[in-house]
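# Notes for the structure review
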Amino acid sequence: MKVVAVLEEDLATSRLGLASRAASDLGGESVLAATVRGLVEWGGLEAVAILCPPSARTALAGLLAGLPVSFHDTSPSPIDRSRLLRARKWALSSWRSAHTQATVFDEWGSPGDLRRVLVETGAGALLKLPVLNPLVDGALVREFVGDAIGGGRSARFLLAPPGFALEFYRRAFFDEWRNGPIASVLRPICRKAVSDPVS
């Protein structure tokens, strides 16, 4: 099964709403480039996708020149992301709840965008991880992905060590969101909020 790693970056803000550090220098290359290089060299992943707004693509391409990445546009969103970011600052304990994973899809990581990356790359599953992760533990990535595939899981999450959270999703997971019973529940709610993250 082809697995694509997905990194979302806009070179503007971090998940806390602070300035992005993805372009910061780390031993002669950017933090983002070091993360991508680690995924390819140590994590055993053949495909790395960068999910970004069109306005950031040129700058990101410069940072990642020579690395095997593909670029995919994030969907324009009418959601007031600044409000979500401010809320997240004051509710750090709600990040990625260990019991319900309730905030995996918050102001970053739209399920619709992630599903589109799978379609555009022809991958059967994706691995989503933080951009600021230059010390990629390749053995952990390989074991995590291998276990998720071998166990037939449609989604799997790894919350520790802190800052190294990994998320694994099969395409079927997003197809269920788009076409299954859950969509009939989510769509009216999302439309009321002027957003449709499952399409």
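Presented here is a report on the structure given in the accompanying data block. Just so it is clear, the model here is predicted, and its values are computed rather than measured. (Residues numbered from 1 in each chain as written. Predicted model: local features only at pLDDT ≥ 70, side-chain atom pairs only at ≥ 80, totals over all residues. Heavy atoms only, no water.)

## Let's talk about the packing of aromatic side chains
The cut-off we apply is this: Here the aromatic set is Phe, Tyr and Trp, taking the six-membered ring for Trp, and pairing holds for ring centres within 6.5 Å; pairs whose planes are under 30 degrees apart are stacked, those over 60 apart are edge-to-face, and all others are tilted. Accessible area is worked out with a 1.4 Å probe on protein chains only. A residue is then buried under 20% of its type maximum, exposed over 50%, and partly exposed in between.
On inspection of all chains with the given rule, the structure shows 3 aromatic pairs. Both rings, one in F173 and one in F174, keep their centres 5.3 Å apart while their planes meet at 85 degrees; by these two values the pair is edge-to-face. You'll find F173 and F174 in the same group, each marked buried.

## Quick notes on the side chain of H72
Put simply, the rule is: Counting from the N terminus, the helices are the DSSP runs of H or I reaching at least four residues and the strands are the DSSP runs of E reaching at least two. The contact criterion used is simple: two residues touch if any of their non-hydrogen atoms lie within 4.5 Å.
Tracing the backbone through its elements, the reader meets H72 in strand β5 (residues 69–73). Excluding residues within four positions of it along the chain, H72 makes contact with A49, I50, L51, C52, R57, V117, E120 and T121.

## Quick notes on the nonpolar core
We apply this condition: The criterion is simple. A nonpolar core is a set of buried Ala, Val, Leu, Ile, Met, Phe, Trp, Tyr and Cys residues joined through side-chain atoms within 4.5 Å.
Counting 27 residues, the largest nonpolar core has L7, L32, V36, L39, I50 and L127 as the members making the most contacts within it. Those elements that place two or more of their residues in this core are β1 (3–8), α1 (31–41), β4 (47–52), β6 (125–128), α5 (138–150) and β8 (166–170). Ignoring anything within four residues of it in the chain, the contact list for I50 reads L7, V36, L60, L64, V69, S70, F71 and H72. One finds V4, V6, A47 and L114 within the second-largest nonpolar core, a separate group that totals 14 residues.

## Some remarks on α5
For the record, the criterion: For a helix, the expected span equals 1.5 Å multiplied by the number of residues minus one. The arc in question is the one spanned by the directions pointing from the helix axis to the C-beta atoms. Distance and chemistry together define a polar contact, namely a pair of N or O atoms within 3.5 Å, with one atom able to donate a hydrogen and the other to accept it when in protein, and with adjacent residues in sequence counting only for side-chain atoms on both sides.
Between its terminal C-alpha atoms α5 stretches 18 Å, which fits the 18 Å expected from 13 residues at 1.5 Å a residue. Those residues of α5 not exposed but buried are G138, V141, F144, V145 and A148. Seen along its axis, α5 keeps its buried residues to an arc of 135 degrees; they face one direction. Away from the buried face of α5 by more than 90 degrees, exposed residues E143 and G150 are located. Taken together, the buried residues of α5 touch β1, β6, β7 (155–158) and β8. Capping the start of α5, D137 holds a side-chain oxygen 3.2 Å from the backbone nitrogen of A139, two or three residues further along. At the exit of α5 stands G152, carrying a positive phi of roughly 65 degrees.

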